[in-house]
Amino acid sequence: MSASEYRTGLGWDAHRTAPGRPLILGGVAIPAPFGLEGHSDADVLAHAITDAILGAAALGDIGMHFPDTDPRWKDAGSLGFLRHASSLARERGFDLVNVDSTVILERPKLRDYRTAIREKLAETLGLALDRVSVKFKTAEKVGPVGEGRSAEAQAIVTLRRVPDAG
Ligand code: C5P
Ligand code: MG
C-alpha cells in the first residue's frame, strides 16, 4: 500500500476597517464600534482559510472561484466560500487534516470569541474542534494594522489524500 499524500496550503488576507460595518471573523459577529470593508461580509479569517484550502489542492485562489464582480457573491456569507472550497478539495480526494490561523487586529480583544470562532469553522469545514486553531495578535501599534486602519489574517491548512485500496 502506498503512503498518504500530504499537501500544505497558505492563505493571507487583509481588509480595511470602517465604521458602521460588521466585524465578522470566522462567521462570528464580534461587537465593535467598527467593522471590515469589502464586497462580501469581509470575513478576513474565512478568506485566508479559503485560500489556504484552495492552495493546498492547487485550485487557484478565492477571487477565481468567487469573483467580486459576480453579483451572486455580493454580501455573501464567507462561510459559504469556505464550505465550497472544502467541497472542491474533497471532490479531488483530499481530507482536511487541520487548520491553523492568526488574526492580526489591534482591537478589540478577541480571545473571548476564540471558542465560538473555532466551533463555527470546525462545523463549516466538517472537522473536529481539536483540528481547528485560531490565534490572535496585535501589530504593536505599528503599520496600518497597528494604527487600526486594517485587519489581516493568515492561515495554513494540511490536506491528506488516502490512496485507493488495492
Ligand atoms: O499582539 P500581542 O502579542 O500583544 O497579543 C497578546 C495576546 O493578546 C495574544 O496572544 C492574544 O491571545 C490576545 N489578543 C486578543 N485580541 C487581539 C490581539 C491579541 O485577544 N485583537
Ligand atoms: Mg477578503
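Residues numbered from 1 in each chain as written. Chains lettered and ligands numbered in written order. Predicted model: local features only at pLDDT ≥ 70, side-chain atom pairs only at ≥ 80, totals over all residues. Heavy atoms only, no water.

**Some thoughts on the side chain of Thr-158**
Step number 1: Relative to the helices and strands, Thr-158 resides in strand E7 (residues 150-161).
Step number 2: With a relative accessible area of 19%, Thr-158 lands in the buried category.
Step number 3: Not counting residues within four places of it along the chain, the set of residues in contact with Thr-158 comprises Tyr-6, Arg-7, Thr-8, Asp-95, Leu-96, Val-97 and Asn-98. (Helix = DSSP H or I, 4+ residues; strand = E, 2+ residues; numbered from the N terminus. Buried < 20%, exposed > 50% of the residue type's maximum accessible area, 1.4 Å probe, protein only. Contact = heavy atoms within 4.5 Å.)

**Regarding the pairing of strand E1 (residues 5-19)**
Step number 1: Of the pairings in the sheet, the one linking E1 to E7 comprises 12 bridges and is antiparallel in character. Across the sheet, the residue bridging to Gly-11 is Ala-155, located in E7. (Pairing = 2+ DSSP bridges.)

**So, the site of ligand 1**
Step number 1: Near ligand 1, the surroundings consist of Leu-105, Pro-108, Lys-109, Leu-110, Arg-111, Arg-114, Phe-136, Lys-137, Thr-138 and Glu-140.
Step number 2: At a separation of 2.8 Å, a nitrogen atom of ligand 1 approaches a polar backbone atom of Leu-105.
Step number 3: A distance of 2.7 Å separates an oxygen atom of ligand 1 from a polar backbone atom of Thr-138.
Step number 4: Coverage of ligand 1 by the protein chains reaches 75% of its 460 Å² of free accessible surface.
Step number 5: Split by residue class, the shell around ligand 1 holds four nonpolar, one polar and five charged. (Near = heavy atom within 4 Å. Polar contact = N/O pair within 3.5 Å; in protein donor to acceptor, adjacent residues only side chain to side chain. Areas by Shrake-Rupley, 256 points an atom, 1.4 Å probe, with all protein chains shown as cover. Nonpolar A, V, L, I, M, F, W, Y, C, P; charged D, E, K, R; others polar.)

**As for the environment of Ser-101**
Step number 1: Among the structural elements, Ser-101 can be located in strand E5 (residues 94-104).
Step number 2: Spatially, the C-alpha atom of Ser-101 lies 7.8 Å from that of Leu-45, the residues being 56 residues apart in sequence.
Step number 3: What Ser-101 contacts, discounting residues up to four positions off in sequence, is Leu-45, Ile-49, Ser-133, Val-134, Lys-135, Gln-154 and Ala-155.
Step number 4: Among the polar contacts made by the side chain of Ser-101, one reaches the main-chain carbonyl oxygen of Ser-133 at a distance of 2.9 Å.

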